[in-house]
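If you want the building blocks of each chain, they are given just below.
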Amino acid sequence: MTVIKEIEAFSELPVGVFDSGVGGLTVAKEIMRQIPNEKIIYFGDTARVPYGSKSKETITKYSRQIVHFLQEQPVKAIVVACNTASAYALDEIEKELDIPIIGVIKPGAKVAVEATINGKVGVIGTEGTVGSRIYSTYINKINPRITVLGKACPLFVPLVEEGLWQDPVTDEIAIRYLSELIDSGIDTLILGCTHYPLIRSTVGKIMGEKVTLVNPAYETAKELKELLEMEGLLNKKTPELGDNRYQFYVSDMADKFKTFANSILEYGILSAKTIHIENY
Ligand code: DGL
């Protein structure tokens with residue numbers, strides 16, 4: 001009886017979700033939609049963003065600190081809602097943890113394999129994600145015959161953060177970045193950075209309707225649900241109002257984060273707390 005109660009109490013713990021900043025909110029939003037019973041503790045590393053142009057060692061150190069912070073809350077599982085951190089740090093950190101942890105890359109790769117008909121898949125992301133060739137590693141593990149073409153699009157993150165989601169400047173830059181992928185004849189394009197779903201319509205307009213866009217956020221939330229189910233960790237109890245259902249933490253600029261979050265999430269967030277992540 002006590003053991004059952006303990007398991008129930010554990011399954012009622014939140015899921016930890018982290019990103020270098022606001023981009024991971026696109027993943028959190030999908031989790032809120034697909035598994036509404038789950039509580040979430042979100043951490044955005046707004047003091048140290050961007051991750052996309054930093055080294056593997058630095059991103060692994062940052063990710064480890066965030067995981068320590070989340071474990072202290074505590075959480076029952078962790079989602080690395082950042083492509084760069086998933087590419088660089090996930091494998092190493094997974095070995096050190098006794099709770100489940102998933103990233104966004106494996107789920108995105110799986111959908112792309114299912115979606116492509118001509119066997120040519122494009123990946124856009126940060127310099128770190130594209131340079132690591134992690135998407136092609138996962139895709140080719142499932143199907144070695146698929147060709148994967150990567151293109152780093154470093155200006156997309158600041159454009160999204162400036163709110164230029166539908167703007168001629170973003171169109172112009174997207175045309176420059178994407179033209180070689182159009183010429184290569186890909187039929188599937190992975191939005192391999194958590195910010196990019198916010199400019200999905202711009203990317204879609206330029207790639208044309210024959211190219212399927214893959215947003216790993218949807219599949220990541222689905223994979224999280226399956227994982228929690230398998231581990232007996234799905235929260236069966238609907239959290240009540242005032243239950244701190246969704247909590248947000250950042251390493252800097254909490255008000256700016258809050259405003260951005262409220263433009264993405266359907267759930268209105270009242271506050272984001274700043275913590276000193278270097279202490280973890
Ligand atoms: N969240 C990061 C990613 O998905 C993009 C922003 C950054 O460079 O930190 O790779």
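## Description of the overall build of the chain
Here comes step 1: Secondary structure assignment for the chain yields 13 helices and 10 strands.
Here comes step 2: Expected size for 280 residues packed as a compact globule is a radius of gyration near 19 Å; at 18 Å, the chain falls within 12% of this value.
Here comes step 3: Principal-axis analysis of the C-alpha atoms gives the chain an extent of 60 × 40 × 35 Å.
Here comes step 4: Of all 280 residues assigned to the chain, the portion counted as buried reaches 55%.
Here comes step 5: Here the contacts in the chain between residues at least 6 apart in sequence split such that 77% fall between residues at least 24 apart.
Here comes step 6: Distance from the positive charge centre (30 side chains) to the negative charge centre (36 side chains) of the chain: 2 Å.

## Regarding the pattern of salt bridges
Here comes step 1: Counted under the stated rule, the structure contains 13 salt bridges.
Here comes step 2: We note a salt bridge from E96 to R64, for which the minimum N-O separation is 2.7 Å. Of this pair, E96 sits in helix α5 (residues 90-96) while R64 sits in helix α3 (residues 56-72), and the two are 32 residues apart along the sequence.
Here comes step 3: Salt-bridge contacts for K110 lead to E219; the nearest nitrogen and oxygen are separated by 3.2 Å. In this pair, K110 is assigned in helix α6 (residues 105-115) and E219 in helix α12 (residues 216-230), connecting sequence segments 109 residues apart.

## What about α3?
Helical geometry: 3.6 residues make up each α-helical turn, so side chains three or four residues apart lie on a common side.
Here comes step 1: End to end, α3 covers 24 Å across 17 residues, agreeing with the expected 24 Å (1.5 Å per residue, within 8%).
Here comes step 2: Those residues of α3 lying buried are I59, T60, Y62, S63, Q65, I66, V67, F69 and L70.

## Considerations on the site of the ligand
Here comes step 1: Around the ligand lies a shell of 14 residues, among which D19, S20, Y51, G52 and T84 are the nearest.
Here comes step 2: Separating a nitrogen atom of the ligand from a side-chain N or O atom of D19 is a distance of 2.7 Å.
Here comes step 3: Of the residues in the shell around the ligand, the class split is 6 nonpolar, 7 polar and 1 charged.

## Observations regarding unusual backbone geometry
Here comes step 1: Here the bond from V49 into P50 is cis, since omega is 5°, no more than 30 degrees from zero.
Here comes step 2: Inspection of the secondary structure puts P50 in the loop between β2 (40-44) and α3.
Here comes step 3: The amide bond that connects Q73 to the next residue, P74, takes the cis arrangement and shows omega of -5°.
Here comes step 4: Among the structural elements, P74 can be located in the loop between α3 and β3 (77-80).
Here comes step 5: Even without a glycine there, the phi angle at R133 is positive, about 55°.

## Points about the sheet that holds strand β9 (residues 246-250)
Here comes step 1: Strand order in this open sheet of 6 strands is β4-β3-β1-β2-β9-β10, and the pairing throughout is parallel. Either end of the sheet is taken by a strand with one partner, and the two such strands are β4 (101-102) and β10 (273-274).
Here comes step 2: Bridge count for strand β1 (residues 15-19) against β3 is 4 bridges, and the pairing is parallel. Opposite V15, over in β3, you have A77 as the bridge partner.
Here comes step 3: Set on the sheet, helix α2 (residues 25-34) makes contact with β1, β2, β3 and β9; between it and β2 the angle comes to about 170°.

## Section: helix α10 (residues 168-184)
Here comes step 1: An ideal rise of 1.5 Å per residue puts 24 Å on 17 residues; α10 measures up with 24 Å between its terminal C-alpha atoms.
Here comes step 2: Of all the bends in α10, the largest measures some 45° and sits at L178.
Here comes step 3: Along α10, the positions that sit buried rather than exposed are T170, I173, A174, Y177, L178, L181 and S184.
Here comes step 4: Lining the buried residues of α10 we find β5 (120-125), β6 (147-152), α9 (156-161), β7 (188-192) and α11 (200-207).

Parameters and conventions
- Residues numbered from 1 in each chain as written.
- Predicted model: local features only at pLDDT ≥ 70, side-chain atom pairs only at ≥ 80, totals over all residues.
- Heavy atoms only, no water.
- Helix = DSSP H or I, 4+ residues; strand = E, 2+ residues; numbered from the N terminus.
- Rg over C-alpha atoms; globule rule 2.2 N^0.38 Å.
- Buried < 20%, exposed > 50% of the residue type's maximum accessible area, 1.4 Å probe, protein only.
- Contact = heavy atoms within 4.5 Å.
- Lys, Arg positive; Asp, Glu negative; His and termini not counted.
- Charge placed at Lys NZ, Arg CZ, Asp CG, Glu CD.
- Salt bridge = Lys/Arg side-chain N within 4 Å of Asp/Glu carboxyl O.
- Expected span 1.5 Å × (residues − 1).
- Near = heavy atom within 4 Å.
- Polar contact = N/O pair within 3.5 Å; in protein donor to acceptor, adjacent residues only side chain to side chain.
- Nonpolar A, V, L, I, M, F, W, Y, C, P; charged D, E, K, R; others polar.
- Pairing = 2+ DSSP bridges.
- Axes fitted to C-alpha atoms, helices over the stretch in contact; angles between N-to-C directions.
- Bend = angle between axes of the 7 residues up to and from the residue.

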